[in-house]
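Observations on the model geometry
Now for the letters of each chain:
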Amino acid sequence: LVQVMRAVVSMKIDSPVGKITIARPKALNAVSMEAMQEIVHASHHLDRTDDVKAIIITGEGNKAFAAGADIKEMASQQYSEAYKRRFMEGWRELRDVRKPIIAAVNGYALGGGCEVAMMADIIIASENASFGQPEVTLGVIPGMGGTQRLIREVGKSRAMEMILCGRRLSAAEAEQAGLVSRVVPQDQLLPEAYRLAAKLGALSAPVIAKAKDCVHRAYETSLAEGLRYEQREFWSCFALEDQKEGMRAFLEKREPHFTDS
Ligand code: HXC
C-alpha cells in the first residue's frame, strides 16, 4: 500500500486499485489548475503502474466530489491568458488512460466536477450526490466536455435544461437518466467502488483496455468505422494467452487465472 500526498490531491495504491482523491474539502474540492495537473499526472502514473488494474477518482469529505473549476482562480482571468496558458486543456489527457476509471461521486459534481465524472468510464454515486452544469450562472459555458458528453448521457432536452438553466439532477434522477450506473448509501460508496475495481482487477488488463478503447470509438467515430474497429480488436483477442485461459477455464468449469499476456 502506497500513499502519496500531493498539494491538493492524494493518491493511494492498494493493489489492484489506485485511488485519487481530490482533497480541498474546504473549497468543496473545487479544481484549480494545480489540482487538474495533479489529477492528470496521478492518473497517468497509475496507468503505468503494473499492479494497478483500475483507478477510482473521488472527493474528500461527504459533501462534494468537486464543485467545479476554482472560481477564485478564474474570476479575473483574461481571454489572452486563458488561451496562452491553455486553461484546463490538460483534462484531455484523461482520455488516454487505458485502465478503467471509476468516479465515486460523493456529493456535488458541478461544472468541471460533473465533467470529470463524465470523463470516467463508470460513475457510481452516493445518495446525496448531485450533478449539474451551472456555468451559465457565472457567465461562462462548460469547458471540459459538458456540452458534448452530457447530451449523450441524459438526452438533449435534459442536457439543455441543465446547461442553459443550471438545473441539477439528484442522484436518483441521474441514475434514472443513465448518467450513473448505480446509487448507494454514502458509507457504501467507497466499498462499492473498491468491489467494482477488484472485479476489474481479476480480469485481463489488455482485454479490458481493448473493450474500453472500443467503447470510446462509439463517441469519436461513425457507427460503420466503430464497428470495423471493434471487429479488428475482437479478432486480436485471439492472439492473447488470456483468451485461451478464459475459454479453457470455462470449459473446465473453474475460475480463470489471467496473466495479462
Ligand atoms: C471555488 C468554491 C467553489 C468553486 C464552492 N467553493 N465552490 N470555491 N470554486 N467552484 C467554496 C465557497 O466559496 C466556500 O468558500 C466553500 O467552498 C463552501 O461553499 P458554500 O457555497 O459556502 O457551500 P454551500 O452553501 O453548501 O453551497 C454549495 C454549492 C455552492 C451549491 C456547491 O458552493 C456553489 O454553487 N458552488 C459553485 C458551483 C459552480 O458554479 N461550479 C461551476 C464552476 S465553473 P468560503 O471561503 O466562503 O468558505 C466550472 C467551469 C468548468 O466548473 C470549465 C473548465 C474548463
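Residues numbered from 1 in each chain as written. Predicted model: local features only at pLDDT ≥ 70, side-chain atom pairs only at ≥ 80, totals over all residues. Heavy atoms only, no water.

With an unreviewed UniProt entry as reference, the protein is termed Probable enoyl-CoA hydratase, mitochondrial, source organism Coccomyxa subellipsoidea. Under Sequence similarities (unreviewed entry), UniProt gives the following word-for-word description of the protein: "Belongs to the enoyl-CoA hydratase/isomerase family." (UniProt positions renumbered as here; feature names shortened; annotations may be inferred.)

1. Focus: the overall build of the protein
Secondary structure summary: the protein contains 11 helices and 11 strands in total. For 261 residues, the compact-globule estimate of 2.2 N^0.38 gives 18 Å, and the C-alpha radius of gyration of the protein, at 19 Å, lies within 12% of that figure. In terms of principal-axis extent, the alpha carbons of the protein reach across some 60 × 45 × 40 Å. Within the span of the protein, comprising 261 residues, buried residues form 46% of the whole. In the protein, of all internal contacts separated by at least 6 residues, the share reaching a separation of at least 24 is 65%. Roughly 13700 Å² of accessible area belongs to the protein as shown, and the carbon and sulfur atoms make up 56% of that amount. Of the charged side chains in the protein, 34 are positive and 34 negative; the average position of the first set lies 2 Å away from that of the second. (Helix = DSSP H or I, 4+ residues; strand = E, 2+ residues; numbered from the N terminus. Rg over C-alpha atoms; globule rule 2.2 N^0.38 Å. Buried < 20%, exposed > 50% of the residue type's maximum accessible area, 1.4 Å probe, protein only. Contact = heavy atoms within 4.5 Å. Areas by Shrake-Rupley, 256 points an atom, 1.4 Å probe, with all protein chains shown as cover. Lys, Arg positive; Asp, Glu negative; His and termini not counted. Charge placed at Lys NZ, Arg CZ, Asp CG, Glu CD.)

2. Some thoughts on the nonpolar core
Judged by nonpolar contacts, the single largest core of 51 residues is most densely connected at Phe-65, Trp-91, Val-105, Phe-131 and Leu-179. Ranked by residues supplied to this core, first place goes to helix H1 (residues 33-47) with 7 residues. One finds Ala-54, Ala-104, Leu-196 and Ala-197 within the second-largest nonpolar core, a separate group that totals 14 residues. (Core = buried A, V, L, I, M, F, W, Y, C linked by side-chain atoms within 4.5 Å.)

3. A look at the packing of helix H5 (residues 146-154) against helix H6 (residues 156-165)
Interaxial distance between H5 and H6 falls to 7 Å at its minimum, and their mutual angle equals 140°. Comparing their axes, H6 and H5 come out oblique. You can see that H5 and H6 cross each other, and the crossing is right-handed. Between H5, through Gly-146, Thr-147, Leu-150, Ile-151 and Val-154, and H6, the contact on the second element is made entirely by Lys-156, Arg-158, Ala-159, Met-162 and Ile-163. Grouping the amino acids of the contact of H5 with H6 by side-chain chemistry returns 6 nonpolar, 2 polar and 2 charged. (Axes fitted to C-alpha atoms, helices over the stretch in contact; angles between N-to-C directions. Parallel < 35°, antiparallel > 145°, perpendicular 65-115°, else oblique. Left-handed = near helix turned anticlockwise from the far one by under 90°. Nonpolar A, V, L, I, M, F, W, Y, C, P; charged D, E, K, R; others polar.)

4. Section: the side chain of Asp-242
Here Asp-242 is to be found in helix H11 (residues 241-251). Although Asp-242 lies buried, it forms no salt bridge, and the closest oppositely charged side chain, Lys-53, sits 7.7 Å away as judged by the N-O distance. Here Thr-259 takes part through its backbone nitrogen, which lies 2.9 Å from a polar atom of the side chain of Asp-242. Not counting chain neighbours up to four residues away, the residues in contact with Asp-242 comprise Ser-204, Pro-206, Phe-258, Thr-259, Asp-260 and Ser-261. (Salt bridge = Lys/Arg side-chain N within 4 Å of Asp/Glu carboxyl O. Polar contact = N/O pair within 3.5 Å; in protein donor to acceptor, adjacent residues only side chain to side chain.)

5. Regarding helix H9 (residues 205-220)
With 16 residues, H9 should reach 22 Å at 1.5 Å per residue; the first-to-last C-alpha distance of 23 Å fits that figure. Listed in full, the buried residues belonging to H9 are Ile-208, Ala-209, Lys-210, Lys-212, Cys-214 and His-216. Residues of H9 that are buried sit in contact with strand S6 (101-105), helix H8 (186-201) and helix H10 (223-236). (Expected span 1.5 Å × (residues − 1).)

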